Number of protein chains: 2
Amino acid sequence: MKPVNVGICGLGTVGGGTLNVLIRNADEISRRAGRDILVSHIGMRNYKEGYDLSGVKVSADIFEVAKNPDVDVLVELIGGYEVALELVMTAIDHGKHVVTANKALIAEHGNEIFAAAHKKGVMIAFEAAVAGGIPIIKAIREGFSGNQINWLAGIINGTGNFILTEMRDKGRAFDDVLKEAQQLGYAEADPTFDVEGIDAAQKLCILSSIAFGIPLQFDRVYTQGISDITQKDVKYAEELGYRIKHLGIARRRNGGIELRVHPALIHKDQLLANVNGVMNAVMVHGDAVGPTLYYGAGAGSEPTASAVVADIVDVVRSLASSSDSRVPHLAFQPDKLSDVSILPIDETECGYYLRMEVLDQPGVMAKIAQILGEKDISIEAIIQKEPQIEGGEVSLILLTRKVLEKKMNSAIDAIESLDSTWGKVMKIRVEYLK
Amino acid sequence: MKPVNVGICGLGTVGGGTLNVLIRNADEISRRAGRDILVSHIGMRNYKEGYDLSGVKVSADIFEVAKNPDVDVLVELIGGYEVALELVMTAIDHGKHVVTANKALIAEHGNEIFAAAHKKGVMIAFEAAVAGGIPIIKAIREGFSGNQINWLAGIINGTGNFILTEMRDKGRAFDDVLKEAQQLGYAEADPTFDVEGIDAAQKLCILSSIAFGIPLQFDRVYTQGISDITQKDVKYAEELGYRIKHLGIARRRNGGIELRVHPALIHKDQLLANVNGVMNAVMVHGDAVGPTLYYGAGAGSEPTASAVVADIVDVVRSLASSSDSRVPHLAFQPDKLSDVSILPIDETECGYYLRMEVLDQPGVMAKIAQILGEKDISIEAIIQKEPQIEGGEVSLILLTRKVLEKKMNSAIDAIESLDSTWGKVMKIRVEYLK
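A brief structural summary.

### Details of helix α6 (residues 136-143) of chain A
Residues that lie three or four places apart on an α-helix share one face, since the helix turns once every 3.6 residues.
Reasoning step 1: Among the eight residues that make up α6 of chain A, eight are buried, leaving the element largely enclosed by the rest of the structure.
Reasoning step 2: I136, I137, K138, A139, I140, R141, E142 and G143 of chain A are the residues of α6 of chain A that are buried.

In structure tokens, the structure reads:
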């Protein structure tokens, strides 16, 4: 089958990430989509260096891309309102499917865009508009289609969460952290959009429509920012067992739906209270499924590109006819499965927790450390417990860095054969999740 | 359009939940799917009371359901291996799409089932086979199609996680908690399947195939249970800042893939370490998206039914031709959006954190408590800070139960007009996430 031609408009942070991901993972993506996906056109007003643009038609006029008969899917990554709207409408008029990461555009003009797309029979995909790389739109739209959704609550602005996390962890003041966030590039020079909750309100508007089946109503979202939160409140909340997070909340009530963005105290035992830094997370509660949570990077070049590319693959699958349009059972096309081997457990790598009973004698620890050192096993932490009776046996607990299982097993054999150790060594693997 | 007929085989925990959800949420589901979905046939060997079976053809022969020309989608919920395999193969032979929650069947016979389905042009959907209500298969299969997936790690057996959580929280012994889990119905009379990791290995096998594009290879999963974990190890791990969880891990390495199920220490700051009781969670790390996490109920009647019904809706959407088969932009069909109103902020409900500066005088707290009492506002917690100078002003912090915002605002007005309070009351909402 001939490749699908993608035209990207806007080669900023997300556009650049999308181009890079489509090139780097071209093979993996094609094995999943059943077709090659090519970036054939790029529209950017100012030429950007540093990208591999071989074979790509670059135009300074983004509308040229939207109208070009060779483009199958238009990816709108210019951001903003008016021009983006005109671009997307032009693409729809010309029968293109559209993928966009533009939350402002969807929240404020989604109803008219969807109506135009419906009329033309094209798709508008916008997973990247909410919570970056987390496939939250897909989860709610397709994963919970059996549920009446009761409520959802999310940390959906990374800048705000970064500021509140720093205020709590380091006792810093709001203004001070905001300045750093601006220097790090998390917050814009005009931070209103993030810290006053407008960005979160746009995302909440989109999520609530999908959850409850209501039209997009951005102007009905109650929106309050975090600039009033003081260090005092952060500390008192902590004393009460709570943390302050900036949440977007949509809740079904008798008589209507609550849509609100504001700071909120959440009990520290809740997973959502433990989502820190620039990370995003959304809880969704359905009447059948109960409480669920989705966590990941809510912004950034490649996390957002991850969602853009997933949308492109969805569109590409839908372009195929009948049964070829289906998602393959194992994600990849059946004739494209790989025969990469599964490693035997000896060849796997972990950290290790070791517990052993040793004689309370001088030199025991040295012998054990020597055995580990000979196998290149680094010790991360040690606990040695007091003996019950002097000179009796003591528990020695070691935590090691990552090492091949077979090396660890041969070290354990050597430790167990020492005169100064008792019985078997208890071995539990440690996952650093990195 | 005429309704889609669903035949359910097996009316146990998950089958009963599926029937209940399809009936209770019929309207919501139809608004999403674009067609009514009816349970037209049920196959069950032993008649079960307590369900609304009006208009349903009930048969004691499950194969009759699989062969019935009126059935469009067969839902296999009988569990087990041989009979389930024969049932699914019969349904495929008769051109039915199949939805199943049977992880054992997919892990051990998926390759042949998918091949047969591919030949016949029917779909096999199995979201409910892994992590119950969490749409983790959809997330990996469709949400991350732009990524090279590096690794995934999950708590994918609720019984095992319940046992480890109780051992840690209450200092109980493994055997003791296992007995309780059996009494609560979490663990089977023969608990091997759960505590020795076979159930988790089946799920890991499925997830890894979807993540890496490799055939299902259940017999290559290294599998170790939790029955060796002692109270001692749980405590020492805690001292080191770690928690012991039973994990399924799939990791891409040079030269091959690691597939292993075993207990593992995870640092307590990781979200995964804070997933407790019978809940499940899966972390997925993609090269573009970075680390992500999905959390929810991994088993149980309606959480699992949630995934079964989502699969049915996916199948139903794919039955429609061309553009009608697409997932609607806002999840619900464009002509089925609801005009339910968005509540003004005055009509929303929250708990509240209030901070106020009050004079350090007798009777101040009584006045404030009286104002709150008159508005039916219950106090959940109070902190009163020592004054800097005797008789000066002190900070008073209150946490309230849920109340209407307008009631809270009028109470705040009354508090602010007291002679004994200073300036404005700081109000932050509290979300109990229930």
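The structure having been displayed, the exposition proceeds.
### Concerning the packing of aromatic side chains
Both the distance between ring centres and the angle between the ring planes are used here to describe each pair of aromatic rings.
Reasoning step 1: This structure, assessed with the given rule, holds seven aromatic pairs over all chains.
Reasoning step 2: Look at F114 of chain B and F126 of chain B: their rings are 5.4 Å apart centre to centre, the planes differ by 25°, and that puts the pair in the stacked class. Here F126 of chain B lies in the loop between β6 (124-125) and α6 (136-143) and F114 of chain B lies in helix α5 (residues 103-120), a separation of twelve residues in the sequence.
Reasoning step 3: F126 of chain B gets classed as buried once you look at its relative accessible area, which sits at 1%.
Reasoning step 4: An aromatic cluster is defined as three or more aromatic residues linked by ring pairs; in this entry it consists of F144 and Y294 of chain A together with F144 and Y294 of chain B.
Reasoning step 5: Geometry around F126 of chain A places R141 of chain A over its ring, the cationic atom sitting 5.4 Å from the centre.

### With respect to a nonpolar patch on the surface
All names here are of chain A.
Reasoning step 1: On the surface, L184, Y186 and V278 cluster together to form a nonpolar patch covering roughly 240 Å² of accessible area.
Reasoning step 2: By the secondary structure assignment, Y186 is in the loop between α8 (174-183) and α9 (192-195).
Reasoning step 3: When its relative accessible area of 35% is taken as the criterion, Y186 is described as partly exposed.

### A few points about the relation of the copies chain B and chain A
Reasoning step 1: Superposing chain B onto chain A requires a rotation of 180° together with a translation of 0.0 Å along the rotation axis, leaving an RMSD of 0.0 Å. With respect to symmetry, the two chain copies, as superposed, fit the operation of a two-fold axis. Scanning chain B for the C-alpha nearest the rotation axis identifies Y294 of chain B, at a separation of 2.4 Å.
Reasoning step 2: Comparing interface residues between copies, 100% of those in chain B also lie at the interface in chain A; the contact surface is shared.

### Some points on the nonpolar core
Side chains that are nonpolar tend, in soluble globular proteins, to be buried together.
Reasoning step 1: In this structure, I136 and I206 of chain A together with I136 and I206 of chain B are the most contacted members of the largest nonpolar core, which totals 120 residues.
Reasoning step 2: When residues no more than four places from it in sequence are discounted, the contact partners of I206 of chain B are K103, I106, A107, F126, A129, V130, I137 and L216 of chain B.
Reasoning step 3: Counting residues in hydrophobic clusters, the runner-up holds 36 residues, among them A281 and Y295 of chain A together with W151 and A264 of chain B.

### Some remarks on the sheet that holds strand β6 (residues 124-125) of chain A
Residues and elements named next belong to chain A.
Reasoning step 1: Taken in spatial order, the six strands of this open sheet run β3-β2-β1-β4-β5-β6, and their pairing is parallel. The open sheet is flanked by β3 (57-59) and β6, the only strands paired with a single partner.
Reasoning step 2: In this sheet, strand β2 (residues 37-43) lies alongside strand β1 (residues 4-9) in parallel orientation, the contact comprising six bridges. By the bridge assignment, G7 is partnered in β2 with H41.

### Points about the environment of W151 of chain B
Reasoning step 1: Residue placement: W151 of chain B occurs in strand β7 (residues 149-155).
Reasoning step 2: Placed 107 residues apart in sequence, W151 of chain B and E258 of chain B show a C-alpha to C-alpha distance of 9.1 Å.
Reasoning step 3: Contacts of W151 of chain B, omitting those with residues within four sequence positions, involve L433 and K434 of chain A together with A250, R251, M283, V284 and H285 of chain B.
Reasoning step 4: A distance of 3.4 Å separates a polar atom in the side chain of W151 of chain B from the backbone oxygen of K434 of chain A.

### Notes on the pairing of strand β7 (residues 149-155) of chain A
For a regular strand, side-chain orientation follows a simple rule: the groups alternate between the two sheet faces.
Residue and element names in this part refer to chain A.
Reasoning step 1: Where burial is concerned, most of β7 is hidden: six out of the seven residues are buried.
Reasoning step 2: Examined bridge by bridge, β7 and strand β11 (residues 279-286) share six bridges and lie antiparallel to one another. Pairing of L152 across the sheet is with V284, part of β11.
Reasoning step 3: Here four bridges tie β7 to strand β9 (residues 242-253), and the two strands are oriented antiparallel to one another. Bridging across to β9, L152 finds its partner in A250.

About the cut-offs
Residues numbered from 1 in each chain as written. Chains lettered and ligands numbered in written order. Predicted model: local features only at pLDDT ≥ 70, side-chain atom pairs only at ≥ 80, totals over all residues. Heavy atoms only, no water. Buried < 20%, exposed > 50% of the residue type's maximum accessible area, 1.4 Å probe, protein only. Helix = DSSP H or I, 4+ residues; strand = E, 2+ residues; numbered from the N terminus. Phe/Tyr/Trp six-rings, centres within 6.5 Å; stacked < 30°, edge-to-face > 60°. Lys NZ or Arg CZ within 6 Å of the ring centre and 35° of its normal. Patch = residues over 30% accessible without salt bridge, like charges linked within 9 Å, V, L, I, M, F, W, Y side chains within 5 Å. Areas by Shrake-Rupley, 256 points an atom, 1.4 Å probe, with all protein chains shown as cover. Salt bridge = Lys/Arg side-chain N within 4 Å of Asp/Glu carboxyl O. Least-squares fit on C-alpha atoms with pLDDT ≥ 70 in both. Contact = heavy atoms within 4.5 Å. Core = buried A, V, L, I, M, F, W, Y, C linked by side-chain atoms within 4.5 Å. Pairing = 2+ DSSP bridges. Polar contact = N/O pair within 3.5 Å; in protein donor to acceptor, adjacent residues only side chain to side chain.

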